[in-house]
Amino acid sequence: MSAIRNRVSLIGRLGKDPETKAFDSGKQKTSFSLATKEVYKKDGEKKETTQWHNVVMWDGLAKTASEYLTKGQEVAIEGKVTYRSYDDKEGNTRYITEIVASDMHMLGNKAS
């Protein structure tokens, strides 16, 4: 029996420039939003939907992303889906879904 794996592959465009944070421990985190599009036909008409994903990268990959990625650039991301929660200032529980990237390929220039 094979193990079940948490793995996701996405190709999309950055919704904003990456944001990078350095920690006292020496770790580096870079995050950005990634837009993926799906084109399909419904009732004979071409339709398009966009999904937004929160992407997080750590250490060496985070450094590369912060140096080379910019808003609108197309990238391929591989990683895993993670879920976390926190309590905001008003005491409400907020839930976050993120893609923690383990690999990245820059595919093209910024969107025109």
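Reference entry: report on the structure contained in this document.

Cut-offs and rules
Residues numbered from 1 in each chain as written. Predicted model: local features only at pLDDT ≥ 70, side-chain atom pairs only at ≥ 80, totals over all residues. Heavy atoms only, no water. Helix = DSSP H or I, 4+ residues; strand = E, 2+ residues; numbered from the N terminus. Buried < 20%, exposed > 50% of the residue type's maximum accessible area, 1.4 Å probe, protein only. Contact = heavy atoms within 4.5 Å. Areas by Shrake-Rupley, 256 points an atom, 1.4 Å probe, with all protein chains shown as cover. Lys, Arg positive; Asp, Glu negative; His and termini not counted. Charge placed at Lys NZ, Arg CZ, Asp CG, Glu CD. Core = buried A, V, L, I, M, F, W, Y, C linked by side-chain atoms within 4.5 Å. Arc of directions from axis to C-beta. Polar contact = N/O pair within 3.5 Å; in protein donor to acceptor, adjacent residues only side chain to side chain. Salt bridge = Lys/Arg side-chain N within 4 Å of Asp/Glu carboxyl O.

**Focus on the overall build of the chain**
Along its length, the chain carries 1 helix and 6 strands. Listing every helix and strand of the chain by position from the N terminus yields β-β-β-β-α-β-β. On the principal axes, the C-alpha backbone points of the chain span a range of 55 × 45 × 35 Å. Going through the 112 residues of the chain one by one, you find that 28% of them count as buried. Looking at the chain alone, contacts between residues at least 24 apart form 59% of all its contacts between residues at least 6 apart. Total accessible area computed for the chain in this model is approximately 8,200 Å², and 46% of it derives from carbon and sulfur atoms. Each charge sign in the chain was given a centre, from 19 positive and 16 negative side chains, and these centres are 2 Å apart.

**Comments concerning the nonpolar core**
One finds Phe32, Leu34, Val55, Met57, Leu69, Ile77 and Met104 to be the most contacted residues of the largest nonpolar core, which totals 16 residues. Among the elements of the structure, β1 (8-14), β3 (28-42), β4 (45-58), α1 (59-68), β5 (73-87) and β6 (93-110) are those that each provide at least two residues to this core. Excluding residues that lie within four positions of it along the chain, Met57 makes contacts with Gln28, Lys29, Thr30, Phe32, Ala62, Ala65, Ile77, Ala101 and Met104.

**Re α1**
Burial in α1 covers these residues: Leu61, Ala62 and Ala65. One face of α1 carries all of its buried residues, which in axial projection span an arc of 100 degrees.

**A few points about the environment of Met106**
Examined against the element boundaries, Met106 turns out to sit in strand β6. Each C-alpha atom, one on Met106 and one on Tyr40, is 25 Å from the other, the two residues being 66 residues apart in sequence. Sequence-distant contacts of Met106, that is, excluding residues within four places in its chain, are made with Tyr68, Leu69, Gln73, Glu74 and Val75.

**Quick word on the side chain of Glu98**
Within the secondary structure, Glu98 sits in strand β6. Residue class for Glu98 comes out buried when judged on its relative accessible area of 11%. Within the structure, the side chain of Glu98 is placed 3.0 Å from the side chain of Arg84, a separation counted as a polar contact. Among residues more than four places away in sequence, those in contact with Glu98 are Asn54, Val56, Lys80, Val81, Thr82 and Arg84.

**Here we look at the environment of Asp24**
Checked against the element boundaries, Asp24 lands in the loop between β2 (19-22) and β3. Counting along the chain gives 80 residues from Asp24 to Met104, while the straight-line C-alpha distance between them is 25 Å.

**Points about the pattern of salt bridges**
Applying the stated criterion to the full structure yields 7 salt bridges. In this structure, the salt-bridge partner of Lys63 is Glu67, at a minimum N-O distance of 3.5 Å. Within this pair, Lys63 and its partner Glu67 are both found in helix α1, separated by 4 residues, close to a single helical turn. Taking relative accessible area as the criterion, Lys63 reaches 46% and is therefore assigned partly exposed. Among the salt bridges present, the one from Glu98 reaches Arg84, with a minimum N-O distance of 3.0 Å. Placement of Glu98 in strand β6 and of Arg84 in strand β5 is noted, with a sequence separation of 14 residues between them. Take Arg84: its relative accessible area is 38%, and that puts it in the partly exposed class.

Spatial relationships are all this shows, so hold off on functional conclusions.
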